[in-house]
Amino acid sequence: MERYKDKQLSAYERAAALADTLSTEEQAQQLKYDAPAIEKAGLPSYNWWNEGLHGVARAGTATVFPQAIALAAAFDKDMMYRVGEVISTEARAMYNSAAKHGDTDIYKGLTLWAPNINIFRDPRWGRGHETYGEDPYLTSRLGVNFVKGIQGEEEYLRAAACAKHFAVHSGPESLRHEFDARVSEKDMEETYLPAFKALVKEGRVEGVMGAYNRVNGEPSCASEKLMGKLREWGFDGYFVSDCWAIRDFHTTHKITDTAPQSAAMALKAGCDVNCGNTYLHILAALEEGLITKQNIRTACIHALRTRIRLGQLDDNEFDDLPFDIIACDGNKALSLEAAEKSMVLLHNDGILPLDKSRISSIAVIGPNADSRAALLGNYNGTPDRSVTFLEGIQDAFDGRVYYAEGCQLFRDRTQGLALPGDRYAEAVAACEAADVTVVCVGLDATLEGEEGDTGNEFASGDKPDLRLPEVQRVLLQKLKDTGKPLIIVLAAGSSVNTECEGNALINAWYPGQYGGKALAEILFGEVSPSGKLPVTFYKSADMLPDFTDYSMKNRTYRFCDDESNVLYPFGYGLTYSHFECGDISYKDNTLAVNVTNTGSRSAEDVLQVYIKSENGVKNHSLCAFERVSLFDGESRTISINIPEGAFETVDDNGVRAVISGRYTLYAGFTQPTELSEKLYGGRCVSVEISI
């Protein structure tokens, strides 16, 4: 028996044995994202490129979950695990089906290039909705659980997750191929690296993807500093470049002169798989003496090790996952649950929940009212059925539902031959005819997203500011001027100032295929909203640091200098009830908090714990969170573990340590700031401890 077939050997030993049956040229071919077959081992050709950000993407029908930023708003670690589990199960079923029909094309593999755990440091970044928000702790907890759900806990990986984009990457999109992100050692360790470290050390993530930009002068896909961190953390998976990022070394970064030099630089640094075509020049680099055969062999072993861990050399427990598990009812029910938990109620004067017995008509208005794109975000699959906001309300309400588009998403008219504002009159008429109006405004992935993927002619996928497109601002004002009750639903993946709250404001994000059903359940009170903002919502971008400034000064809630520019704070969100914290104590890394639902209905809310010390970040940091469900009037003592890392501080040299002193732990259902507590209508409780 060939050694690579011996299941008693480790995955690395088997991969090394298989690699050694290949010529150097054959080994080099395995480093392309579209690797050829290894017929002697029974391995078909394999395309490494697959996406699973919030559902298997770009491969046909799949369950479409809310966008990543929406999943983050649920603050639910267990749900993230279950979402990851569904995504990888569907990916495996798709892989099985495609393989039976000889299809090994792109987006059919088991190496999912998700999650995106970059820090959403600037609200203008178009790809921020792919992330879990602005906080490293929240990002790491959700990311670790997502990875564990994707990869499973069986002998073989159900699918391989990939932490991206390592590690300092968050725009601008238009500069990413030439930009050098300059970041201090303190910010690197305190903000940009923690989630990657957690996914490697705790989640045992199988893949890590580099970024396009340079970091402190080094290209991310060939950074000795960053690769050294991976070795320090014990990473033993595969490293993949972002797509065509290695080509940037010589074409736009100008740190090498030729493609063979770029390929050599990446390979020697530890980039195993090239998404792109620069590794076609590996053999030329070998001939020029820029690399050795051992460099090629090492990368080939890493790539084959992942495929062996996925069970591609063996019969395994996932081979029989059937096609009919894809987009099954149970999976779609989880998508609905995620949408229900992720929507954030930002404002409510008491109009919500709507009482169906007191209204006979509803106007549903706006460019996102009947938009499927507003449900999906980017990096998405195709749902077998989706429910728009309009359809969700129509399905749930027996009275008259008027619909008017109101305006195009950002253009000044909906019809090419019409005058500007061609749908305003219809929208106002519908609003006047109805008892209450739900206006669905916002963005979609044609306006905010990745450079090259969006249709955004303004900023390569980034936002020029935090305002709604002008046509939508005009629409909102016209509807408000009617004096009729107005509920605003914002579909977007980032901080947007609607400049109008109406009687209620719901942030729906890009809520997945059942977003309309979830919205209707919340509007009519079948579900109490419970989402929290994973990012700060600002009034204006004018007071923010320059987009290209990667210093954390005055960025995110942890370093905010002045709350006067904050519209809605990180961690904020209302329910239809009200929770309060009472007695609090701390012992042996456990915080005990008495929590009471003082409202008039059962509800769920998110208990948040923040830590502050004189040596820590400027303000305070999230260090624990837990969803709490209580009946009206119910009290319960919640015990929540405070990780030892919460007490670590990072000095200017990027060194972590626990420093003796006094620490304050705050517990509440929002941040311990004046604005947060005022908006939520309740205070945090605190306890001081000495170390």
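The shown structure was predicted, so the numbers you read here are calculated from the model rather than taken from an experiment.

A closer look at the sheet that holds strand β11 (residues 400-404)
- The sheet built from six strands is open, its strands ordered β9-β14-β13-β12-β10-β11 with mixed pairing. The open sheet terminates on both sides in strands that have one partner only, identified here as β9 (344-348) and β11. Each strand axis lies, on average, 15 degrees off the axis of its neighbour in the sheet, ignoring direction.

Here we look at the side chain of Asp242
- Looking at the secondary structure, you find Asp242 in the loop between β8 (238-240) and α9 (248-251).
- Although Asp242 is buried, it makes no salt bridge; Arg127 carries the closest opposite charge, 4.5 Å away.
- Side chain to side chain, Asp242 and Tyr212 meet in a polar contact 3.4 Å long.
- Those residues in contact with Asp242, other than ones at most four positions away along the chain, are His165, Met209, Gly210, Ala211, Tyr212, Cys221 and Cys275.

Section: the domain arrangement of the protein chain
- Parsing the protein chain into structural domains produces domain 1 (45-292), domain 2 (336-535) and domain 3 (579-690).
- Relative to domain 3, the C-alpha centre of domain 2 lies at a distance of 33 Å.
- Listed by partner, the interface residues are nine residues for domain 2 and ten residues for domain 3.
- Taken as a group, Ser528, Ser530 and Lys532 account for 70% of the area that domain 2 buries against domain 3, more than any other trio of residues on that side.
- Inspection of the domain 2/domain 3 interface yields one salt bridge.

Thoughts on the sheet that holds strand β5 (residues 207-210)
- Judged by pairing direction, the sheet is parallel, and its three strands sit side by side in the order β3-β5-β8 without closing on themselves. The open sheet is flanked by β3 (162-166) and β8, the only strands paired with a single partner. The sheet shows a mean angle of 20 degrees between the axes of neighbouring strands, direction not considered.
- With three bridges connecting them, β5 and β8 associate as parallel partners. In the strand pairing of β8, Met209 is matched with Val240.

A short note on the packing of aromatic side chains
- According to the stated counting rule, one finds 24 aromatic pairs in the structure shown.
- Centroid distance Phe166 to Trp233: 6.1 Å. Interplanar angle 65 degrees. Geometry classified as edge-to-face. With Phe166 in strand β3 and Trp233 in helix α8 (residues 224-233), the pair connects residues that are 67 residues apart, well separated along the chain. Grouping residues by exposure puts Phe166 and Trp233 together as buried.
- Through pairs of rings, three or more aromatic residues link up here, namely Phe75, Tyr137, Tyr557, Phe570, Tyr610 and Phe625.
- Above the plane of the ring of Tyr550 lies Arg121, whose end atom (NZ or CZ) is 3.6 Å from the centre.

Here's the deal with the side chain of Gln312
- Inspection of the secondary structure puts Gln312 in the loop between α12 (293-309) and α13 (329-342).
- Its relative accessible area of 12% is what places Gln312 among the buried residues.
- Residue contacts for Gln312: discarding those within four places in its chain leaves Leu43, Tyr46, Tyr95, Leu110 and Arg307.

Procedures and definitions
Residues numbered from 1 in each chain as written. Predicted model: local features only at pLDDT ≥ 70, side-chain atom pairs only at ≥ 80, totals over all residues. Heavy atoms only, no water. Pairing = 2+ DSSP bridges. Helix = DSSP H or I, 4+ residues; strand = E, 2+ residues; numbered from the N terminus. Axes fitted to C-alpha atoms, helices over the stretch in contact; angles between N-to-C directions. Buried < 20%, exposed > 50% of the residue type's maximum accessible area, 1.4 Å probe, protein only. Lys, Arg positive; Asp, Glu negative; His and termini not counted. Salt bridge = Lys/Arg side-chain N within 4 Å of Asp/Glu carboxyl O. Polar contact = N/O pair within 3.5 Å; in protein donor to acceptor, adjacent residues only side chain to side chain. Contact = heavy atoms within 4.5 Å. Domains from an automatic or database assignment. Buried area = accessible area lost by both parts, 1.4 Å probe. Phe/Tyr/Trp six-rings, centres within 6.5 Å; stacked < 30°, edge-to-face > 60°. Lys NZ or Arg CZ within 6 Å of the ring centre and 35° of its normal.

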